[in-house]
Amino acid sequence: MLLAYPFRVLVPRRALETATSAAVALLLFAGALDLVPTPVVIALAAGAGATLAGVRLSRLAVSRRVDSSPRRAGVLLDAAVVTAGLTAVALPLAAGGHTVTVLVGTLVVAALAGAGLCRLPGRTRPSAGVRLRGLVESSGPAVGLALAGWLLLPRAGLPVPLRLVAALALGGLGMAALTAFAGPRRRTGTAVCRGGVLLTLGGLVLLATLPSAPSGRVTLLAVPPLVLGMLLVAVGAVDAADAGDGEPAEPIGSAWPRSVLPAAVLLLATAVHLAAGRAPDRTSVLLALTAVPPLVLRELLRAGDAPTSARPAAHRRPAGSPVRHRHEVPPRWLGHLPPADPAHDRRDPADPATAHGTGSAWPAEEDAGWSALNRRPVPAGGGAPGDRAALLDALAAIGDVPAPSGALLLVDLHVTDGISPTVGEDVLAEAVHRVRAVIAADDLVTGCTGAGFAVVTAAGPVLAYALGTRLLAALAPPYPMAGTEVRVQTSIGLAEVSGDRPADVLRQAELARRRAVQLGRDRVEWYDAFLEEQLVRRLDLERELPGAVARGELDLVYQPVVDLADGQPVGAEALLRWRSPVLGTVLPVELLPVAEDLDLVGELEWWVLDRACRQLSDWSVGVRELWMAVNVTTRELTTPDFVQRTAAVLAAYGVPPERLVVEVSEPRVAGDLPTVVARLAGLRSLGVRTALDDFRAEHASLAQLRRLPIDLLKVGPEVVGARPDGQPPLIDVVVNVGERLGVEIVAEELESSTQVEVARRGGCRYGQGFALARPATAERVEAYFEEFPTASR
């Protein structure tokens, strides 16, 4: 749950922070029982939190492993937490002027912390529109929290203006903290640090207002956010500096905490207020009314999203930039197809109003085997009748009934083998014939994409999904055509008709169809909002990735590889990062599938090899015998000139071949094993070392291993650790096979000291993972290497 998230940040990894939190909890318990005076509890708790956080941040400020910007952030944040601690410790000494003292300290802390946060890595700056949207979304809940603060803050001895300012400050800080801990980047160090700053400021605001309450014990409520906030500032800053290459954001933020928690707090405050016999005052009513305009504006913005979202993400590009890649063609509605001659196609591909045909929402994938279907009309005898107008009319008819229930299924047909136009027409006609045999009599089949059609049914969503599975089964058997059999893969996107505009339903079904294509076809995908987030992100990646190399947006970080016997570094693996100014830092797990679809993997991998060898040459002076590993796909490895080009890159930078390790993923080598073996042997003949990554230790993998000329075998924690069935770890088998074949074992993805020890005892010679060293920039990794003067160089 959200309230436990800050504690999950501290407990698993920070023993001192956990111990400090426990000690503070005991102090609070003693103070609540009047065993320890309240000022003493505040001073001890704040002093302990500030001391520990200050030590962590001081180490960050002088660390040689981080860049200058995180070090400057450490200095500023260190000053901020020390100021917060001193403000709380000095509170008993400021008799009569405690409010002014704390407020001045709060302003100083805010200035120092704000400057420090701006210098942390991984910080993103969204567009003005996104920031405005976020402000509107947060204003209503923030006012609700402010109203709760107004109702709960003590009245006696607290001037009304100060009480109102404190309530508004607590509302704004509380909502900002919720956004930090529940937003898309909530798991990054920068977000944790920002949330800690906001909690610290909230605790100081409480200190400024609560001491004037009649009961001194009420002031203890300021201690938990103050101490926890200071600890999270240090933890988040250190994590952000360690992960300086940027951590990936979640696809979407967690929306419910930002909506539910403020409402729950307000309801609780209202109940306490009424239980005390107090009636709502004028300020309470005004605050409640103030929350209404942001809520109305938020709903208006959401209502305006529907027509806006119908525009394809592919159209949101700078003027004059390319609008299509090799997989994109304009959708053409069957029965209204343009002529095949491009000279007759007068649409401007740079004009979003015409580039995709009449009213089209999303581009459709084209395959060479279906180009004939995209250029010729459907035969009148068996084709799908109608066009987009008929489809929208059918959707509108379903949506106009009092309780609309129905669904749209977009059916995409795909064949990899080339076929003639005549055969393509016959295949499509036969597909429509099969569909008519499955659907109900009142269901509509109409033209849709250039290589498919649409089915509109009045059945509910569950029955529509069942219909989709029956359509898959009906369209799967081969199509006997002109003495041969044509095999077709089918992708179906399903969207529910529930009162939405017909164009929106069509867009949603097209998004679901695209998802079915991306997941490998021969499946039915159901639209949901999260799916749309993913696909829009995918389209943004497809739009921005071409040209990223030329624009200088790619970067490398390096993760050290360590000898598990003595802890000395022996090498590093080069890891690709895309620093997109639009999308932020994109990691390979998200980047490479898009690059494969755009046929850009070769360009990226040769850039990585060139940059890694250049860095290896720069390291030659001080860290001589450490090796560098780079990852290549089997598709690039099997190109005829891969060995020659690799030799040329090594020669260009004067890098000894034995210092380069070329890694290839084991699950992909089976597709072209003879060629992979030949290329790996060619690399070894140069002196380049080879590695097999992602080894699964299955029977087929072990048999395949004997054929591969490799020097290193990389295994994950699932191979190193104990198996669920109680059998001995697979690492024993892998190590035995490796010893017989002369292959050294590298245990990767080690994230705890326990995993490191298990890998060492299991016989792994090398280790790699966060428990040993995080990926970092070249300068930070070089500083890390310099800490091991006796390392093999």
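So, here's what we can say about the structure. (Residues numbered from 1 in each chain as written. Predicted model: local features only at pLDDT ≥ 70, side-chain atom pairs only at ≥ 80, totals over all residues. Heavy atoms only, no water.)

1. So, the overall build of the protein chain
In step 1: For the protein chain, the helix and strand inventory stands at 28 helices and 18 strands.
In step 2: Counting only residues that meet the buried cut, the protein chain has 50% of its 793 residues in that class.
In step 3: Sequence-distant contacts, at least 24 apart, represent 75% of the contacts inside the protein chain between residues at least 6 apart. (Helix = DSSP H or I, 4+ residues; strand = E, 2+ residues; numbered from the N terminus. Buried < 20%, exposed > 50% of the residue type's maximum accessible area, 1.4 Å probe, protein only. Contact = heavy atoms within 4.5 Å.)

2. A look at the sheet that holds strand S4 (residues 444-447)
In step 1: Taken in spatial order, the five strands make up an open sheet running S4-S5-S3-S8-S9, and their pairing is mixed. Two strands bound the open sheet, and with one partner strand each, they are S4 and strand S9 (523-526). The sheet shows a mean angle of 20° between the axes of neighbouring strands, direction not considered.
In step 2: Across four bridges, strand S8 (residues 489-497) lies against S9 in parallel orientation. By the bridge assignment for S9, Ser491 is matched with Arg523. (Pairing = 2+ DSSP bridges. Axes fitted to C-alpha atoms, helices over the stretch in contact; angles between N-to-C directions.)

3. A word on helix H2 (residues 15-32)
In step 1: Compared with the 26 Å implied by 1.5 Å per residue over 18 residues, the 26 Å span of H2 between its first and last C-alpha is a close match.
In step 2: What H2 keeps buried is the set Glu17, Thr20, Val24, Leu28, Ala30 and Gly31. When H2 is viewed along its axis, its buried side chains cluster within an angular range of 160° and face the same direction. In H2, the exposed positions that point more than 90 degrees away from the buried face belong to Ala15, Leu26 and Phe29.
In step 3: At the C-terminal side of H2, Asp34 shows a positive phi close to 65°. (Expected span 1.5 Å × (residues − 1). Arc of directions from axis to C-beta.)

4. Description of the packing of aromatic side chains
In step 1: In this structure the tally under the stated criterion is seven aromatic pairs.
In step 2: Taking 6.3 Å as the distance between ring centres and 75° as the angle between the ring planes, the aromatic pair formed by Trp627 and Tyr766 counts as edge-to-face. With Trp627 in strand S13 (residues 627-632) and Tyr766 in strand S18 (residues 766-767), this residue pair connects regions lying 139 residues apart in the sequence. Just as Trp627 is buried, Tyr766 falls in that class too.
In step 3: Taken together, a centroid distance of 6.0 Å and an interplanar angle of 55° make the contact between Tyr784 and Phe785 tilted.
In step 4: Its relative accessible area of 1% is what places Phe785 among the buried residues.
In step 5: Here the basic side chain of Arg163 rests over the ring of Trp150, its NZ or CZ set 3.7 Å away from the ring centre. (Phe/Tyr/Trp six-rings, centres within 6.5 Å; stacked < 30°, edge-to-face > 60°. Lys NZ or Arg CZ within 6 Å of the ring centre and 35° of its normal.)

5. Section: the environment of Val632
In step 1: Along the polypeptide, Val632 turns up in strand S13.
In step 2: Relative accessible area serves as the criterion here: at 11%, Val632 is assigned to the buried category.
In step 3: On a C-alpha basis, the gap between Val632 and Leu604 in space is 9.7 Å, while along the polypeptide they are 28 residues apart.
In step 4: Aside from chain neighbours lying at most four places away, what touches Val632 is Glu605, Leu637, Phe642, Val662, Glu663, Val664 and Ser665.

6. Notes on the side chain of Thr633
In step 1: Inspection of the secondary structure puts Thr633 in the loop between S13 and helix H20 (634-637).
In step 2: Overall, the relative accessible area of 13% leaves Thr633 in the buried class.
In step 3: If near-sequence neighbours (up to four positions away) are discounted, Thr633 is found in contact with Glu596, Val601 and Glu605.

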